Amino acid sequence: MLVQSFLAWMETAPVRERAEAVTMLANAYLNGALGSDTPQVVEAALTSVLDDPAIMVRRALALAFADRNDAPRHIILSLAADQSEVAGLLVARSPLLTEADLIDLTVTGERMTMMAIALRQDVTARVAHAVLARKDFDSAFALVGNGLSMISEADLLAIAKA
């Protein structure tokens, strides 16, 4: 019942109110406070938010799920591929993004997404290599400055030569 009301209301609500409602629904989903709605129904409603034209609304969803292991993976992947204003914090912090996901994002991501990847706490040597392959000075600098990143000796030498 909550989801039906949410979806109907989202069609006409102002952007700021939609963003607040998305945050509340995402938190209800994560905390299991769904009332009479099933997790699948709430997840479907949150999936529909991915089509919202307002960056603020999609960003609210990204922020709600950024640090969570229990967020729906398909939503995380979609948000990670969104505009950098939406994807940035989520890409920097989501524990659901795998090494393969991060490498894929280095190929398609905007500069801010690259920076978010470079600043993660779990940058593997393969991810570092993919970031460096983009030859973006700012993300390479961030990667080298990230004391937690694993950069191969060959990649460090390549940086030094550049």
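See the structure printed just above.
Predicted model, so just to flag it, every value in this text is computed and none were measured. (Residues numbered from 1 in each chain as written. Predicted model: local features only at pLDDT ≥ 70, side-chain atom pairs only at ≥ 80, totals over all residues. Heavy atoms only, no water.)

Peer 1: Hey, could you go over the nonpolar core for me, with residue numbers and the actual values?
Peer 2: In terms of nonpolar packing, the biggest core is built from 51 residues, with Phe6, Leu46, Leu61, Phe65, Leu79, Val91 and Leu143 touching the most fellow members. The element contributing the most residues to this core is helix α2 (residues 15–31), with seven residues. Among all residues touching Val91, those that are not within four sequence positions of it are Ala80, Leu97, Leu102, Leu105, Thr113, Ala116, Ile117 and Arg120. (Core = buried A, V, L, I, M, F, W, Y, C linked by side-chain atoms within 4.5 Å. Buried < 20%, exposed > 50% of the residue type's maximum accessible area, 1.4 Å probe, protein only. Helix = DSSP H or I, 4+ residues; strand = E, 2+ residues; numbered from the N terminus. Contact = heavy atoms within 4.5 Å.)

Peer 1: Outline unusual backbone geometry, supporting the account with residue identities and numerical values.
Peer 2: In this structure, Lys135 takes a positive phi of about 55° despite not being glycine. Tracing the backbone through its elements, the reader meets Lys135 in the loop between α9 (125–133) and α10 (137–145).

Peer 1: Hey, could you go over helix α3 (residues 39–48) for me, with residue numbers and the actual values?
Peer 2: Because an α-helix completes one turn every 3.6 residues, residues spaced three or four positions apart along the sequence face the same direction. Taken residue by residue, α3 has Val42, Ala45 and Leu46 as its buried positions. Each buried residue of α3 sits inside an arc of 100° when the element is viewed along its axis, so together they form one side. Contacts from the buried residues of α3 go to α1 (2–10), α2, α4 (55–65) and α5 (73–80). (Arc of directions from axis to C-beta.)

Take it as geometry only, folks, not as evidence of what the structure does.
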